[in-house]
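# Observations on the three-dimensional arrangement
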Amino acid sequence: MPWFAKIEEGIVDKATFDQYVPAHKAYVEGLIAKGHKARTGYWAERGGGMLLFEADSMDEAKAIVAQDPLIPNHCVKYVLHEWRLLVE
């Protein structure tokens, strides 16, 4: 399966963002359980982060991202890229 990277930039204050972190973490754990090999984290030096995951297609990746609680709750803006690995 191809890998995808959702590169995020926070657009709300920390208190608002932190309300949705537990739901985001649970969502990523669900992706892992479904075989998407998801990983999530944040940038140490500034607001924002990244979600890496496998999906069958860009369409599936877009659907996965749309269901991440950070998106419908307007906590981040993002770009989505298909990430092509050179070395594993």
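Placed above this text is the structure.
Heads up: these notes are all about the structure in this document. Every value quoted in this text rests on a predicted model; they were computed, and no experiment measured them. (Residues numbered from 1 in each chain as written. Predicted model: local features only at pLDDT ≥ 70, side-chain atom pairs only at ≥ 80, totals over all residues. Heavy atoms only, no water.)

A positive phi angle, close to 50 degrees, is found at Lys37, a residue other than glycine. By secondary structure assignment, the location of Lys37 is in the loop between helix H1 (14-33) and strand S2 (39-42). When its relative accessible area of 45% is taken as the criterion, Lys37 is described as partly exposed. (Helix = DSSP H or I, 4+ residues; strand = E, 2+ residues; numbered from the N terminus. Buried < 20%, exposed > 50% of the residue type's maximum accessible area, 1.4 Å probe, protein only.)

A few words now on the pairing of S2. Alignment of S2 against strand S3 (residues 49-54), held across four bridges, turns out to be antiparallel. Of the residues in S3, the one forming a bridge with Thr40 is Leu51. (Pairing = 2+ DSSP bridges.)

What follows covers the environment of Lys77. Assignment of secondary structure puts Lys77 in strand S4 (residues 76-83). Considering only alpha carbons, one finds Lys77 and Gly10, 67 residues apart in sequence, at a separation of 6.6 Å. Contact partners of Lys77, with chain neighbours within four places excluded, come to Ile7, Glu8, Glu9 and Ile11. (Contact = heavy atoms within 4.5 Å.)

Below, the discussion takes up the sheet that holds strand S1 (residues 3-10). Overall, antiparallel pairing links the four strands, which are arranged S2-S3-S1-S4 in an open sheet. The open sheet terminates on both sides in strands that have one partner only, identified here as S2 and S4. Across the sheet, the mean angle from the axis of one strand to that of its neighbour is 15 degrees, orientation sign disregarded. Examined bridge by bridge, S1 and S3 share six bridges and lie antiparallel to one another. The partner of Glu8 across the bridge, within S3, is Gly49. Against the sheet, H1 makes contact with S1, S2, S3 and S4, and its axis sits at roughly 155 degrees relative to S2, the strand it touches most. In the packing of helix H2 (residues 58-67) onto the sheet, the strands contacted are S1, S3 and S4, and the crossing angle to S4 comes to about 155 degrees. (Axes fitted to C-alpha atoms, helices over the stretch in contact; angles between N-to-C directions.)

With that out of the way, let us pick up the packing of aromatic side chains. All chains considered together, the criterion is met by two aromatic pairs. Note on Trp3 and Trp83: the rings are 6.4 Å apart at their centroids and 80 degrees apart in plane angle, and the pair reads as edge-to-face. Of this pair, Trp3 sits in strand S1 while Trp83 sits in strand S4; the two residues are 80 residues apart in sequence, bridging distant segments of the chain. On the basis of relative accessibility, which here comes to 18%, the residue Trp3 falls in the buried class. Residue Trp83 is classed as partly exposed on the basis of its relative accessible area, which comes to 41%. (Phe/Tyr/Trp six-rings, centres within 6.5 Å; stacked < 30°, edge-to-face > 60°.)

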